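Observations on the model geometry
The chain contents come next:
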Amino acid sequence: MSKPMFIEVKDVSKSFRNNGKDELILKDINLSVNQRETIAILGQSGCGKSTLLNIIGGFEPANVGQVLLDGKEVTKPSKKSVMLFQHYGLLPWRSVLKNVELGLEDSNLSKEERKKQAYHYVELVGLGDKANHFPRQLSGGMQQRVSIARALAIEPDVLLMDEPFGALDTFNRYYLQDELIRIQQEMKTTIIIVTHDIDEAIYLADRVVVMGKEPGRIQREIVIDSYKPRDRSGDEFQYYRKQILQEFHLNSSKPPLEYHI
Ligand SMILES: Nc1ncnc2c1ncn2[C@@H]1O[C@H](COP(=O)(O)OP(=O)(O)OP(=O)(O)O)[C@@H](O)[C@H]1O
Ligand SMILES: [Mg+2]
């Protein structure tokens, strides 16, 4: 028997009941992810990206089908995976450092080691000088960086990220995209990242999953066969951009620097 893929989404469908009616949100989703692979899920608002990520993370049950993580059915959130939610989810009464330490509290690390590890990731996202600030004292982009640090500090096998860089300016976004690639290569993390940003998907992913909507479904998978770090202004990048834009029926002879859908 062949070895199962690290993450397998099998025939998943999901409905939500809204205003007394069942609405089909996801239909027949099949997706296999290898260990150490980075997958970007790209699609328009409302197509079910967060819902799919929640199902993969065990936060939401599917109505039909199943998700397997390392061969075992996902029925609840697993310690192997960490979800970085679309909203920051910071505890307002805890400092930046204490928020990042949160995920390490039931680890085997001593108090000192926990603090050291948390501080390392706070520094990594460029907030070393704000470690003792509280979330309300930070900008939206900084709060987003704290939640990124918290997810990374856990050093999980699987990182599920829902538009993690959406609130960041271009420079911070580029910097953290590079850090994410570096961390992924060092830790051998498997990453599924939901994004609206076509360039971000091409820059980070080994495979881009394009979703269609109503109901949410996988429209196409595009393998990005190119070494990292990738040249955002190179011909290869432009080639993949065109392919993805075609999927969304968006075409332009003069592309802007970045595309968002
Ligand atoms: N808990 C819920 N109860 C009812 N309907 C829901 C629930 N969660 C999501 N939906 C509906 O499912 C659809 C998909 O939502 P989802 O949040 O997965 O979209 P998305 O692709 O992540 O969108 P965005 O890019 O705006 O974040 C929407 O129509 C939304 O109204
Ligand atoms: Mg969403």
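Please refer to the structure higher up on the page.
Structure report, in brief. (Residues numbered from 1 in each chain as written. Chains lettered and ligands numbered in written order. Predicted model: local features only at pLDDT ≥ 70, side-chain atom pairs only at ≥ 80, totals over all residues. Heavy atoms only, no water.)

**Observations regarding the pairing of strand 2 (residues 21-33)**
In regular strands, side chains alternate between the two faces of the sheet. Sheet analysis places strand 1 (residues 7-18) next to strand 2, joined by nine bridges and oriented antiparallel. For Phe16, the partnering residue across the bridge sits in strand 2 and is Glu23. (Pairing = 2+ DSSP bridges. Helix = DSSP H or I, 4+ residues; strand = E, 2+ residues; numbered from the N terminus.)

**Focus on the site of ligand 1**
Taken together, 14 residues lie near ligand 1, and Ser45, Gly46, Lys49, Ser50 and Thr51 sit nearest. At 2.8 Å from an oxygen atom of ligand 1 is found a main-chain nitrogen or oxygen belonging to Gly46. Relative to its unbound accessible surface of 640 Å², ligand 1 loses 66% to contact with the protein. The biggest single contributor to the shell around ligand 1 is helix 1 (residues 49-56), with three residues. Classifying every residue of the shell around ligand 1 by side-chain character gives three nonpolar, nine polar and two charged. (Near = heavy atom within 4 Å. Polar contact = N/O pair within 3.5 Å; in protein donor to acceptor, adjacent residues only side chain to side chain. Areas by Shrake-Rupley, 256 points an atom, 1.4 Å probe, with all protein chains shown as cover. Nonpolar A, V, L, I, M, F, W, Y, C, P; charged D, E, K, R; others polar.)

**Focus on the pairing of strand 8 (residues 190-195)**
Counting buried positions along strand 8 yields six of six residues, so the element is predominantly enclosed. Neither face of strand 8 is left uncovered, since the one carrying Thr190, Ile192 and Val194 and the one carrying Ile191, Ile193 and Thr195 both have all their residues buried. Where strand 3 (residues 38-42) and strand 8 come together, five bridges link them in parallel fashion. Its bridge partner being in strand 8, Thr38 is matched across the sheet by Ile191. In this fold, strand 7 (residues 158-162) hands off to helix 5 (residues 170-187), which returns the chain to strand 8; that crossover is right-handed. (Buried < 20%, exposed > 50% of the residue type's maximum accessible area, 1.4 Å probe, protein only. Right-handed = clockwise from strand over helix to strand, strands pointing away.)

**Describing the pattern of salt bridges**
Overall, the coordinates contain 16 salt bridges when judged by the stated rule. Measuring nitrogen to oxygen at the nearest pair gives 2.9 Å for the salt bridge that ties Arg207 to Glu37. Here the residue Arg207 occupies a position in strand 9 (residues 207-212), and Glu37 occupies one in the loop between strand 2 and strand 3, the gap between them amounting to 170 residues. The two residues Arg207 and Glu37 agree in class, both being buried. Measuring nitrogen to oxygen at the nearest pair gives 2.9 Å for the salt bridge that ties Asp70 to Lys80. (Salt bridge = Lys/Arg side-chain N within 4 Å of Asp/Glu carboxyl O.)

**Examining the side chain of Glu247**
Position of Glu247 relative to the elements: it lies in helix 7 (residues 235-247). A distance of 3.0 Å separates a polar atom in the side chain of Glu247 from a polar atom in the side chain of Gln219. Sequence-distant contacts of Glu247, that is, excluding residues within four places in its chain, are made with Val210, Gln219 and Arg220. (Contact = heavy atoms within 4.5 Å.)

**Observations regarding the nonpolar core**
Counting 48 residues, the largest nonpolar core has Leu152, Leu159, Phe165, Leu180, Val208 and Ile244 as its most contacted members. With six residues, helix 4 (residues 140-153) is the single largest residue contributor to this core. Apart from residues lying up to four places away in sequence, Ile244 is in contact with Leu42, Ile198, Ile202, Val208 and Ile222. Grouped together as the second largest cluster of nonpolar side chains are 26 residues, Ile39, Cys47, Ile55 and Ile192 included. (Core = buried A, V, L, I, M, F, W, Y, C linked by side-chain atoms within 4.5 Å.)

**What to know about the sheet that holds strand 7**
Reading across the sheet, the six strands line up as 6-7-8-3-9-10 and stay open at both edges, with mixed pairing between neighbours. The open sheet has two free edges, formed respectively by strand 6 (81-84) and strand 10 (217-223), since each of these has just one partner strand. In this sheet, adjacent strand axes meet at a mean angle of 15 degrees when their direction is disregarded. Across the face of the sheet, helix 4 comes into contact with strand 6 and strand 7 while running at roughly 175 degrees to strand 6. (Axes fitted to C-alpha atoms, helices over the stretch in contact; angles between N-to-C directions.)

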